[in-house]
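Remarks on the overall topology
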Amino acid sequence: MVALDPVREAVGFGLVGVWLGYVGYRLEWYRQPAWVLIVLCMKVLAAWAFGWLYASYYCHGDTLKVYLSASRIAHYLWSRPLAGIALLFREFSSNWEELGWQIFWQDAQLFGYDYEWSEPSNYHFYRLVVPLYLAAGGSYYGFQGLLGIIGGLLSYAAYVRWSRIAAFPNGFWVLWFLWPSGLLWFSGALRDTLVMPLMLYGAAWIASVRSWRDAWGILAVGLAGLLRAEAALLGAAVGLAYRWHKHRWLIGVGAAVAAVVFTIWVGPWAYRYRTEALDPLWHPDVQEASVFRISYTPSPIGVWIGWVQGVFYGLFGPFVWQVRKPIVALYAIEVLFAAVLMGRWGIWVSRRRAWSWRSALLVAIGVAVVGVTAMAMPYWGTLTRQRLYGLVWIAIGLGMAVQEGLQRGQHSPS
């Protein structure tokens, strides 16, 4: 649980307003469109809703661990600077590593700090958010709001980068920024708030780069890799496929390699991950009302059967008969809207033969990612968040195809 101090929270709200005003001034200085500031305000509101959801509804989870750990690290930076530095940068000095381990095992309030993991992706995330914690004055909701602003700015940078290499229909930015689950899950204190736009920006950079010395592109790919390596690999795969779409033999070879890797490694891994996530010995707090089950085996044929089920649940679930909690009902309403919208776009594009190799590739990659995600993630809440890593490519591919059809003089799909 997070104990909220009214005075600190009031200061945090004020600091968020100050930072938002400064960002708005800079946007005006560089003559960016007015809707960008509106989007950032929506991100802040979504971040506060996200923070409330974890603090008052779930009462546990990674968001609270991130905040509490950032609080303790900031405490050490203030009271024992060397100890705080050792906690953040243990790999740069053997003395720091020894001191950091001592503090980690002695301080029970660092329970959420991924200090003991061999691949501490959250550990890198904490390094990035500790300055935001300080900039928010230690406020829980101020911390959430600043992450929403940073995530929104990164999303806008990714949108601008993609707009330079792909044509989208008018108003596509609404879908890009204001998709309900994307707005909620990718605004608060989770790695995805930063990883998703970094992945999108990195993919666009790889797809269009003329000089590999582009510092922003390198930084985006590097940070995405530190925070969530699989997202960075996905962004790189999409960027390369987009870049080499004319080399169909190369695309075919890449697809064949991906199929082999899925059959031998990814599919069995997804099976083990799902099995462990549903094991009451590992997770005694599993709630059946939040779970969906698919049946497959980790055999070469079985994983493909599981993938088909994963695509079905990932694109269309939860279904009415699977709704046992109010929040799951919200997931169902959103996915129904998404299925109708994307289905309508897909039919409109297919009738006018507006598909291009690039748009079709993005849709295919998105469907593949949605299927794999649903194979591994047995909880509706986790699936709703993680499948967006696939849905975003489906949306971009369909948006490109719709714009291609419009440019040919056809009527609007809406």
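Above this text is the structure in question.
Predicted model only: the values in this text are computed from it and were never measured.

Before going further, it helps to spend a moment on the overall build of the chain. Summing up its helical and strand segments, the chain has 18 helices and zero strands in all. Computed over C-alpha atoms, the radius of gyration of the chain comes to 22 Å, within 12% of the 22 Å expected from 2.2 N^0.38 for 414 residues, which places it in the range of a compact globule. By principal-axis analysis of the C-alpha atoms, the chain measures approximately 65 × 55 × 45 Å. For the chain, the proportion of its 414 residues judged to be buried stands at 51%. Approximately 20400 Å² of the chain is accessible, and the part contributed by carbon and sulfur atoms is 66%. Placing the 31 positive and 20 negative side-chain charges of the chain at their respective mean positions leaves the two points 15 Å apart.

Here we come to the side chain of E9. Relative to the elements of secondary structure, E9 occurs in helix α1 (residues 6-29). Buried charged residue E9 carries no salt bridge. Nearest counter-charge: R8, at 6.2 Å. Other than its neighbours up to four places away in sequence, E9 contacts L4, S139, Y140, Y141 and G142.

Here the focus is the pattern of salt bridges. Pairing is possible between side chains of opposite charge, provided their charged atoms come close. Going through the model one piece at a time under the given rule, you end up with three salt bridges. Ionic pairing is found between D192 and R228, a salt bridge with its closest N-O pair at 3.3 Å. Placement of D192 in helix α10 (residues 192-208) and of R228 in the loop between α11 (215-227) and α12 (229-243) is noted, with a sequence separation of 36 residues between them. Each member of the pair D192 and R228 is classed as buried. Between R385 and D192 there is a salt bridge, and its shortest N-O distance comes to 3.1 Å. One end of the pair, R385, is in helix α17 (residues 380-386); the other, D192, is in helix α10, and 193 residues separate them in sequence. A relative accessible area of 1% places D192 in the buried class. Connected through shared salt-bridge partners, D192, R228, E230 and R385 make up one network.

Before going further, it helps to spend a moment on the nonpolar core. Of all hydrophobic cores here, the largest spans 120 residues; its most connected members are F143, W162, L200, W393 and I396. Ranked by residue count, the leading element in this core is helix α18 (residues 388-407), at 12 residues. Those residues within four positions of I396 in sequence are excluded, and the remaining contacts are W162, F168, F172, W176, L200 and L362.

On the surface, a nonpolar cluster with roughly 940 Å² of combined accessible area is contributed by W249, V253, V257, V260, V261, I264, W265, W269 and Y273. Secondary-structure assignment places V260 in helix α13 (residues 248-277). The class for V260 is partly exposed, based on a relative accessible area of 46%.

The next subject is empty space enclosed by the protein. With the rule as written, the count across this model stands at three cavities of 30 Å³ or more. One number sums up the size of the largest cavity: a volume of about 360 Å³. In terms of lining residues, the largest cavity is bounded by 20 residues, among which L175, W176, W179, G182 and V392 are the most central. For the lining of the largest cavity, the secondary structure elements donating two or more residues are α8 (172-178), α9 (180-185), α10 and α18. Ranked by the residues each element gives to the lining of the largest cavity, the list is headed by α18, at five residues. Taken together, the residues that form the lining of the largest cavity break down as 16 nonpolar, three polar and one charged. Estimates place the volume of the second largest cavity at around 50 Å³. What lines the second largest cavity is W179, S181, E334, V335, A338, T384, R387, L388 and L391. Tallied by class, residues from the lining of the second largest cavity come to five nonpolar, two polar and two charged.

Let us look at the layout of surface pockets. There is about 920 Å³ of room inside the second largest pocket. Lining of the second largest pocket is provided by 26 residues; of these, I150, L153, L154, A157 and W216 occupy positions nearest its centre. Breaking the lining of the second largest pocket down by element, the ones donating at least two residues are α1, α6 (121-135), α7 (140-163), α10 and α11. Element by element, the count of residues in the lining of the second largest pocket is highest for α7, at seven residues. Looking at the lining of the second largest pocket residue by residue, the class counts come to 22 nonpolar, one polar and three charged.

Parameters at a glance
Residues numbered from 1 in each chain as written. Predicted model: local features only at pLDDT ≥ 70, side-chain atom pairs only at ≥ 80, totals over all residues. Heavy atoms only, no water. Helix = DSSP H or I, 4+ residues; strand = E, 2+ residues; numbered from the N terminus. Rg over C-alpha atoms; globule rule 2.2 N^0.38 Å. Buried < 20%, exposed > 50% of the residue type's maximum accessible area, 1.4 Å probe, protein only. Areas by Shrake-Rupley, 256 points an atom, 1.4 Å probe, with all protein chains shown as cover. Lys, Arg positive; Asp, Glu negative; His and termini not counted. Charge placed at Lys NZ, Arg CZ, Asp CG, Glu CD. Salt bridge = Lys/Arg side-chain N within 4 Å of Asp/Glu carboxyl O. Contact = heavy atoms within 4.5 Å. Core = buried A, V, L, I, M, F, W, Y, C linked by side-chain atoms within 4.5 Å. Patch = residues over 30% accessible without salt bridge, like charges linked within 9 Å, V, L, I, M, F, W, Y side chains within 5 Å. 1 Å grid on protein atoms, 1.4 Å probe; cavity = no way out; pocket = protein on both sides within 12 Å on 5 of 7 lines; lining within 4 Å. Points joined across faces, edges and corners; volume = space filled by probe spheres on them. Nonpolar A, V, L, I, M, F, W, Y, C, P; charged D, E, K, R; others polar.

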